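Fold and geometry: a report
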Amino acid sequence: MYYPTMKTLRQQRVTVKAFPGLDRREQAEPGGFWEMENLCSDGYPALEVRKRRAVAATVEKPNGLLGKDTLLWVDGTALYVGGTKVTGPVLTDGEKQMVSMGAYGIVFPDGVYVNTQNLSDWGTLENRRQAAGGVSVGLCDRDGGALGSFVTGTEAPEEAENGTLWMDVSAAEPVLRQLSQQVWQAAENICVKLTATGLGRDFRAGDGITVEGLTEERLNGQTVLTAAGEDFIVFPGTVSGSTTQTEPVTAARLVPEMDFVVQSGNRLWGCKYGMVKGRAVNEIYASKLGDFRNWNCYQGLSTDSYAAVRGSDGVFTGAASFLGNPIFFKEQCMERVYAASNGGHQIVTVECSGVRKGCHRSIQTVEGTLYYLSGSGVEAFDGSLPRVVSQPLGTKRYKDGVAGSREGKYYLSAVDETGEHSLLVYDTRRNLWHREDGTKAVGFADVEEDLFCLTEEGQLLSMNGTSGTEEAAVCWEAVTGELGMETAEHKRLMRLMVYLSPEEGSRTTAEVSYDGGATWQEQTAFAEGSGRECVFLLRPHRCRTLRLRLSGRGGCRLVSLTAVYEKGSDGP
């Protein structure tokens, strides 16, 4: 007698050994997780818990952070360098832009600079001095030295010897002439010297200044100093003779009002859009070459300051130095500056997705590519056109981005439409996204083989835990999307096998949620990890789909995930 042959149920085994991190798309890659907490790509292809952080310092009112050979930060109205308060400068309270140039760190909008190697070397970019009265005005050479006697008149003196000086006042502007080989020639390097107590304090030769209040109106306006001392300034010009005026005179080294400032090519570059002193402004500026204090030096030299009016509409939203040149962003375009060594700079407007308003601190260069947060997501710009790289983040849109970078990773602290803050990390070498936690960052700085993060709560975090007080064991979580939707057939998820490598003393838990449910059912847990590889074996209830949530406390590595399905019919 023959018994009927029983057909074995068709089974499908799906194993994932490479985990592509955070992936909220409907058609996510196998092994992608819909949500996660405190996981990273360091152990790729495995999924690993991030390193423990450490609190390196605490700040009462975090207003800005800059990384050089040491850390600079602003706490309220005080500036700190390497943890030492810089005595002297008092800043306004509010968000700061901090820029590095050479040994100096410059704080905007206050315009305060400090030498990080010599904290007593500090000052302000702007300098304004006023002499209330008794200002002496006279002629001198470029260094402020006396010229000697000269003859003043409308006609040249007769029977004069070579070298004689004659102040020709026949025209509206007097001209000092010198007799040379029987020809009266205009004397060179003739300057005006203003002398008054404290008038030249903190000015230097080469400063571009604005002079106001002189009774000789033609001497007022912008000029460039050839010499300066505690009680005098010298600049090109002529007067018919030495005089003293009682009206107040002002000499000022000014800096334009700017929205964003960057350092590029040994200059500071800035931009401004809006109303300034009743005038509509849409301009880009540059300081004098090698001199961040001077923004109004115009002598026809390649080292001069620079200013250009732009035609693109909209406010500036950020600035960066990339590929050796500055770039200024608006939401719908970028203004690319091509700096020239001869001073003939060119600016090209490129229509593209620019930096989202409020996300100027999201701009970071990572291994030769510029990343920033736009209205469409995170953009990567390699010099041609930007492209979106944040598709795995799904439909969520982020704002108020603050970013840092280290070892090929782009760290982005931002807030989504629901108000939830996230610290997202993009591994640019592997094109993977991970979410660490809800850190609200004010700024990031890469210093001494570690990335530091200044949070809104006032903690200065060492992201790799190299300095400061290390945090306790890290709590982590990973939530999959709906498992079981890969094919149209009816099928049953028979079992799940989770291959883990937990840290000794850690705790790990596995939970499932069936058919889109909101509740979680614990399946198994290891109260104390042994430090050796282990396998979670889950036998879920009969269901159409399920979600898996792995969580724990302490270090852990997810090595592989295997799902065994029992296939059903193709019918409804």
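The structure we're discussing is the one just above.
Scoring rules and cut-offs
- Residues numbered from 1 in each chain as written.
- Predicted model: local features only at pLDDT ≥ 70, side-chain atom pairs only at ≥ 80, totals over all residues.
- Heavy atoms only, no water.
- Helix = DSSP H or I, 4+ residues; strand = E, 2+ residues; numbered from the N terminus.
- Rg over C-alpha atoms; globule rule 2.2 N^0.38 Å.
- Contact = heavy atoms within 4.5 Å.
- Areas by Shrake-Rupley, 256 points an atom, 1.4 Å probe, with all protein chains shown as cover.
- Pairing = 2+ DSSP bridges.
- Axes fitted to C-alpha atoms, helices over the stretch in contact; angles between N-to-C directions.
- 1 Å grid on protein atoms, 1.4 Å probe; cavity = no way out; pocket = protein on both sides within 12 Å on 5 of 7 lines; lining within 4 Å.
- Points joined across faces, edges and corners; volume = space filled by probe spheres on them.
- Buried < 20%, exposed > 50% of the residue type's maximum accessible area, 1.4 Å probe, protein only.
- Polar contact = N/O pair within 3.5 Å; in protein donor to acceptor, adjacent residues only side chain to side chain.
- Phe/Tyr/Trp six-rings, centres within 6.5 Å; stacked < 30°, edge-to-face > 60°.
- Core = buried A, V, L, I, M, F, W, Y, C linked by side-chain atoms within 4.5 Å.
- Salt bridge = Lys/Arg side-chain N within 4 Å of Asp/Glu carboxyl O.

Looking at the overall build of the protein
Along the protein, the regular secondary structure elements total zero helices and 53 strands. The C-alpha radius of gyration of the protein comes to 34 Å, more than 25% above the 25 Å expected for a compact globule of 572 residues. Principal-axis analysis of the C-alpha atoms gives the protein an extent of 150 × 45 × 40 Å. The long-range share in the protein, meaning contacts at least 24 apart out of those at least 6 apart in sequence, stands at 59%. Carbon together with sulfur atoms contributes 46% to the accessible area of the protein, which is approximately 27,000 Å² in total.

Looking at the sheet that holds strand β40 (residues 409-415)
A sheet is described by the order of its strands in space; here four strands give the open sequence β39-β40-β41-β42, paired in antiparallel fashion. Among the strands making up the open sheet, the edge pair consists of β39 (399-406) and β42 (432-435). The mean angle between the axes of side-by-side strands here comes to 20 degrees, regardless of whether they run parallel or antiparallel. Across seven bridges, the pairing between β40 and strand β41 (residues 421-427) is antiparallel. In the sheet register, Tyr-410 faces β41, and the bridge partner there is Tyr-426.

Describing the layout of surface pockets
Over the atoms a probe the size of a water molecule is rolled, and this reveals where empty space is left. In this structure, the largest pocket occupies an estimated 990 Å³ of space. Every residue lining the largest pocket is counted, 36 residues in all, and those nearest its centre are Leu-66, Met-98, Ile-363, Gln-364 and Phe-444. Every element with two or more residues in the lining of the largest pocket is listed here: β6 (62-67), β10 (97-101), β27 (260-264), β31 (318-322), β35 (364-366), β39 and β43 (441-447).

Examining the side chain of Glu-48
With respect to the helices and strands, the residue Glu-48 is situated in strand β4 (residues 47-49). Its relative accessible area of 17% is what places Glu-48 among the buried residues. A polar atom in the side chain of Glu-48 sits 2.5 Å from the side chain of Arg-557. Apart from residues no more than four positions distant in its own chain, Glu-48 is found in contact with Asn-38, Leu-39, Cys-40, Asp-42, Gly-43, Cys-556 and Arg-557.

Some points on the packing of aromatic side chains
For the structure shown, the criterion picks out 14 aromatic pairs. Centroid distance Phe-316 to Phe-328: 6.3 Å. Interplanar angle 75 degrees. Geometry classified as edge-to-face. In this pair, Phe-316 sits in the loop between β30 (306-309) and β31 while Phe-328 sits in strand β32 (residues 325-330), placing the two residues twelve residues apart along the sequence. Here Phe-316 matches Phe-328 in class, with each residue buried. Each ring, one from Tyr-371 and one from Tyr-426, has its centre 5.9 Å from the other, and the planes form 65 degrees; the classification is edge-to-face.

Quick look at the sheet that holds strand β14 (residues 127-131)
Spatially, β14-β26-β21-β22 is the arrangement adopted by the four strands of the open sheet, whose pairing is antiparallel. Edge strands, defined here as strands with exactly one partner in the open sheet, are β14 and β22 (221-224). Put simply, the sheet's adjacent strands are angled 25 degrees from each other on average, direction ignored. Both β14 and strand β26 (residues 249-253) contribute to a ladder of five bridges, which runs antiparallel. Counted as the bridge partner of Ala-131 is Val-249 from β26.

Thoughts on the side chain of His-345
Positionally, His-345 belongs in the loop between β33 (333-338) and β34 (346-351). A polar contact of 3.0 Å, which involves the side chain of His-345, links it to the backbone nitrogen of Ala-340. Residues within four places of His-345 in sequence aside, it is in contact with Arg-267, Trp-269, Tyr-306, Tyr-338, Ala-339 and Ala-340.

Quick notes on the nonpolar core
Membership of the largest hydrophobic core comes to 59 residues, with the highest contact counts inside it found for Phe-329, Tyr-410, Trp-433, Leu-496, Val-498 and Leu-548. With five residues, the single largest contributor to this core is strand β53 (residues 556-567). Counting residues in each nonpolar core, the second largest holds 23 residues, with Val-135, Leu-176, Ala-196 and Leu-225 among its members.

As for the pattern of salt bridges
Oppositely charged side chains are able to pair whenever their charged atoms sit close together. Summed over the entire model, instances satisfying the criterion amount to 33 salt bridges. In this structure, the salt-bridge partner of Arg-129 is Asp-202, at a minimum N-O distance of 2.7 Å. Of this pair, Arg-129 sits in strand β14 while Asp-202 sits in the loop between β20 (191-195) and β21 (208-212), and the two are 73 residues apart along the sequence. Three or more residues are tied together by salt bridges with common partners; here these are Arg-24, Glu-35, Glu-37, Lys-396, Asp-416, Glu-420 and Arg-435.

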